Amino acid sequence: MNANKIIYYVATGIFTLVILFSAGMYFFNHEYIKSAFTSLGYPTYLIYPYATAKLIGLFAIWNPKFHIIKEWAYSAFFFAVTLAFFAHIMVGDGEQMAAVIAWVALVVSYIFSKKYKYY
């Protein structure tokens, strides 16, 4: 197993764990997420669709058959994580570290998916 493949799988795995934790919170700790969305100024009706979109995006990233959809998923996650980081910074709640970890893992995963030729 070459280094590019290992780095790709580790980064994608870390990113997946962060997003699964996030989506899990959206589904199973709805009241906490509802208050967080309210404090960030987001409408709460987006919680379940957003969690579902995160899971679909992860499926697209891990599935080697979805070449174009995988690019769109990486792009959507890039913007979602970047905007999440700045939303947490703007309200000053100190919750931006998960977004930083997700952003770094996402960028590394994307770069090494090209080097590893996963698809």
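Residues numbered from 1 in each chain as written. Predicted model: local features only at pLDDT ≥ 70, side-chain atom pairs only at ≥ 80, totals over all residues. Heavy atoms only, no water.

Colleague: Would you mind going over the packing of helix α3 (residues 47-62) against helix α4 (residues 67-91) with me for this structure?
Modeller: Between two packed helices, the angle of one axis relative to the other and the distance separating the axes together describe the packing. Between α3 and α4, the shortest axis-to-axis distance is 8 Å and the interhelical angle comes to 135 degrees. On the basis of their axis angle, the class for α3 and α4 is oblique. As α3 runs across α4, the sense of the crossing is left-handed. Counted together, Tyr50, Lys54, Gly57, Leu58, Ala60, Ile61 and Trp62 of α3 and Ile69, Lys70, Ala73, Tyr74, Phe77 and Ala80 of α4 form the full contact between these two elements. Tallied by class, residues from the contact of α3 with α4 come to ten nonpolar, one polar and two charged. (Axes fitted to C-alpha atoms, helices over the stretch in contact; angles between N-to-C directions. Helix = DSSP H or I, 4+ residues; strand = E, 2+ residues; numbered from the N terminus. Parallel < 35°, antiparallel > 145°, perpendicular 65-115°, else oblique. Left-handed = near helix turned anticlockwise from the far one by under 90°. Contact = heavy atoms within 4.5 Å. Nonpolar A, V, L, I, M, F, W, Y, C, P; charged D, E, K, R; others polar.)

Colleague: Explain the side chain of Lys70 to me, please; I cannot follow it from the model alone.
Modeller: Checked against the element boundaries, Lys70 lands in helix α4. Despite its burial, Lys70 pairs with no opposite charge, the nearest such side chain being Glu71 at 8.1 Å. A distance of 2.7 Å separates a polar side-chain atom of Lys70 from the backbone oxygen of Ile61. (Buried < 20%, exposed > 50% of the residue type's maximum accessible area, 1.4 Å probe, protein only. Lys, Arg positive; Asp, Glu negative; His and termini not counted. Salt bridge = Lys/Arg side-chain N within 4 Å of Asp/Glu carboxyl O. Polar contact = N/O pair within 3.5 Å; in protein donor to acceptor, adjacent residues only side chain to side chain.)

Colleague: Can you help me understand the packing of helix α2 (residues 30-40) against α3 in this one?
Modeller: Contact pair α2 / α3: the axes reach a minimum separation of 11 Å and the direction vectors enclose 105 degrees. Of the possible angle classes, the one that applies to α2 and α3 is roughly perpendicular. Here His30, Ile33, Lys34 and Phe37 of α2 lie close against α3, whose contacting residues are Ile47, Tyr48 and Tyr50. Taken together, the residues of the contact of α2 with α3 break down into five nonpolar, one polar and one charged.

Colleague: It is not clear to me how the confidence of the model for the protein should be interpreted in this structure. Could you clarify?
Modeller: Low-confidence regions, as indicated by low pLDDT, have predicted coordinates that should not be scrutinised in detail. Residues of the protein with pLDDT of at least 70 account for 97%, and the chain-wide mean is 91. By mean pLDDT, the top-scoring element of the protein is α3 (96), and the lowest-scoring one is α2 (88). (pLDDT = per-residue confidence, 0-100.)

Colleague: Any chance you could explain the packing of aromatic side chains here in plain terms?
Modeller: How two aromatic rings sit relative to each other is set out by the distance from centre to centre and by the angle between their planes. With the rule as written, the count across this model stands at 13 aromatic pairs. Measuring from centroid to centroid gives 5.5 Å for Phe78 and Phe79, while their planes differ by 80 degrees, and the two rings are edge-to-face. The exposure class assigned to Phe78 is partly exposed, which follows from its relative accessible area of 32%. Accessibility expressed as a relative area gives 49% for Phe79, which makes it partly exposed. Among the aromatic residues, ring-to-ring pairing joins Tyr26, Phe37, Tyr42 and Tyr50 into one connected group. (Phe/Tyr/Trp six-rings, centres within 6.5 Å; stacked < 30°, edge-to-face > 60°.)

Colleague: Before we go on, may I ask you to explain the nonpolar core in this structure?
Modeller: In a soluble, globular protein the nonpolar side chains are often hidden away together inside. Grouped together as the largest cluster of nonpolar side chains are 17 residues, with contacts concentrated most on Phe15, Ile61 and Phe77. Per element, the largest residue contribution to this core is six residues, and it comes from helix α5 (residues 97-116). Residues Tyr26, Ile33, Ile47 and Ala51 belong to the second largest nonpolar core, which totals six residues. (Core = buried A, V, L, I, M, F, W, Y, C linked by side-chain atoms within 4.5 Å.)

Colleague: So what exactly am I meant to see when it comes to the pattern of salt bridges here?
Modeller: A side chain of one charge can pair with a side chain of the opposite charge when the charged atoms of the two come close. Per the counting criterion, the structure on display carries one salt bridge. We note a salt bridge from Lys114 to Glu71, for which the minimum N-O separation is 2.4 Å. Taken together, the residues span a long stretch of sequence, with Lys114 in helix α5 and Glu71 in helix α4 at a distance of 43 residues. Residue classification places Lys114 among the partly exposed positions, given a relative accessible area of 32%. Judged by relative accessible area, Glu71 falls into the partly exposed class, the value being 26%.

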